[in-house]
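Residue strings, one per chain:
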Amino acid sequence: MCHQTVSLAARALEAAGIPTVVMGCARDIVEHAGVPRFLFSDFPLGNPAGRPHDPASQRATLALALRLLESAPGPNTTVRNPLAWSDDPSWKRDFSNIDLVPPEEIARRRAEFDRIKEVAKSRREEDAAAG
Amino acid sequence: MSGRFGFAPAEDRPIAYLDRIRSYYETLGYGKPYEWAHYVETPFAALGKPLAEARVALVTTAAPYQPGKGDQGPGAPYNAAAKFYSVYSGDSMSDPDLRISHIAIDRDHTTAEDIGSWFPLRELLAAAREGRIGEVAPRFHGAPTNRSHAATIEVDAPELLARCRGDGADAVVLAAN
């Protein structure tokens, strides 16, 4: 949801005349929504601003985002960060990959997700009550 | 790289999250797939002044650390109790403690140990010091991640816009997790 949220916010800001750049790691979600400028880092979700404990990569990533902000020729401009997460791309197999979940694990995952939804619901109700 | 032409492995391409997530929840037994936001037309506003003169705001989906709301990392499991449902703002000069335990990050391959990998405030402040941007807007803003399109489009996005406008932002950097 996170990439969708940010994409929709970028669109609203841009429609009101404020230029934006989205930094993120889920290319298809952002491009499906459609944003003006997108700096895509092909990293595990949770690292839109560079690699952890690697200030040089964080610096280079923001520098690219700023260049994109000032130089995109039009909307739906994606720039791909040339930095790689790892020399081994096998990390890309794992995220939410149902083919890797053993059948006996499915019911447990379902129960866990239902539990998470309940917690989120009560959290939302708390926020609403707090005003 | 392999072979005569140095091609990369075929699996070394961006993850197809939309397909992965659809298959995952279908197999778990949830019904109709989630309809992700999709537009063909995209707004565009050119930067109206040199970046070196622009006030740049930062928007994040990270949450302020909330004592008493369970494990928020690093390495925390998904923590729905740490979610938030209203836009918040923080002082850009305050060195905030923001966490992403409430977001479905890739917990197999990253642990949310270094705020610099998901919240680029430190580098944005450096860019201002170095004259690459004019200045950092006085506040950063937190965007709730919500399944509800109505909540995001009709409530949160207008609120973010109002706050960025109120701060006189000339441009906005948004970091997704």
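Residues numbered from 1 in each chain as written. Chains lettered and ligands numbered in written order. Predicted model: local features only at pLDDT ≥ 70, side-chain atom pairs only at ≥ 80, totals over all residues.

Asks: Before we move on, could you go through the overall build of chain B and cite the residues and values that matter?
Replies: Scanning chain B from terminus to terminus reveals three helices and seven strands. Scanning chain B from its N terminus toward the C terminus, one meets helices and strands in the order α-β-β-β-β-α-β-β-α-β. Expressed as lengths along the three principal axes of its C-alpha atoms, the size of chain B is roughly 55 × 50 × 35 Å. Within chain B, counting contacts between residues at least 6 apart in sequence, those at least 24 apart form 72% of the total. (Helix = DSSP H or I, 4+ residues; strand = E, 2+ residues; numbered from the N terminus. Contact = placed C-beta atoms within 7 Å.)

Asks: Can you break down unusual backbone geometry residue by residue, with the values?
Replies: Between Gly 73 of chain B and the following residue, Pro 74 of chain B, the backbone shows a cis peptide bond with an omega angle of 5°. In this structure, Pro 74 of chain B sits in the loop between β2 (63–64) and β3 (88–91). Positive phi, normally seen in glycine, also occurs at Ser 96 of chain A, with a value near 45°. Looking at the secondary structure, you find Ser 96 of chain A in the loop between β3 (77–80) and α4 (106–130). We classify Ser 96 of chain A as partly exposed; it has 18 C-beta atoms within 10 Å. Despite not being glycine, Ala 112 of chain B has its phi angle at roughly 55°, a positive value. (Buried ≥ 20, exposed ≤ 12 C-beta atoms within 10 Å, placed from the backbone.)

Asks: Hey, could you go over the interface of chain A and chain B for me, with residue numbers and the actual values?
Replies: On the side of chain B, 76 residues touch chain A, which itself brings 73 residues to the contact. Mapped by element, the contributors of at least two residues to the side of chain A that touches chain B are α1 (2–15), β1 (20–24), α2 (27–33), α3 (55–71) and α4 of chain A. Sort the elements by how many residues they give to the side of chain A that touches chain B and α1 of chain A lands first, with 14 residues. Pairing of β1 of chain A with strand β7 (residues 171–175) of chain B, which is carried by four bridges, proceeds in the parallel orientation. By the bridge assignment for β7 of chain B, Val 21 of chain A is matched with Val 173 of chain B. (Pairing = 2+ DSSP bridges.)

Asks: Could you give an account of the environment of Pro 44 of chain A, naming the residues involved and the relevant values?
Replies: Its place among the elements puts Pro 44 of chain A in the loop between β2 (37–40) and α3. Here Pro 44 of chain A falls in the buried class, since 23 other C-beta atoms lie within 10 Å of it. Excluding its chain neighbours within four sequence positions, the residues that come into contact with Pro 44 of chain A are Cys 25, Trp 85 and Trp 91 of chain A together with Asp 106, His 109 and Thr 110 of chain B.

Asks: Please provide a residue-by-residue account of α1 of chain A, values included.
Replies: Residues and elements named next belong to chain A. Between its terminal C-alpha atoms α1 stretches 20 Å, which fits the 20 Å expected from 14 residues at 1.5 Å a residue. Buried residues dominate α1, accounting for 13 of its 14 residues. In the stretch just after α1, Gly 17 is the one whose phi turns positive, near 100°. (Expected span 1.5 Å × (residues − 1).)

Asks: How would you explain the confidence of the model for chain B if you had to name every residue and give the values?
Replies: Detail in the predicted coordinates should be disregarded across regions flagged by low pLDDT. Averaged over chain B, the pLDDT score is 95; the fraction of residues at 70 or greater is 99%. On the interface metric, ipTM, the complex scores 0.96, and its pTM is 0.96. (pLDDT = per-residue confidence, 0-100.)

Asks: Give a description of the nonpolar core that names residues and reports values.
Replies: Of all hydrophobic cores here, the largest spans 70 residues; its most connected members are Ala 9 of chain A together with Leu 174 of chain B. If you tally residues by element for this core, the top one is α1 of chain A, at seven residues. Discounting residues that sit within four places of it in the chain, Ala 9 of chain A has contacts with Val 59, Ala 143, Ala 157, Leu 160 and Leu 174 of chain B. (Core = buried A, V, L, I, M, F, W, Y, C linked by C-beta atoms within 7 Å.)

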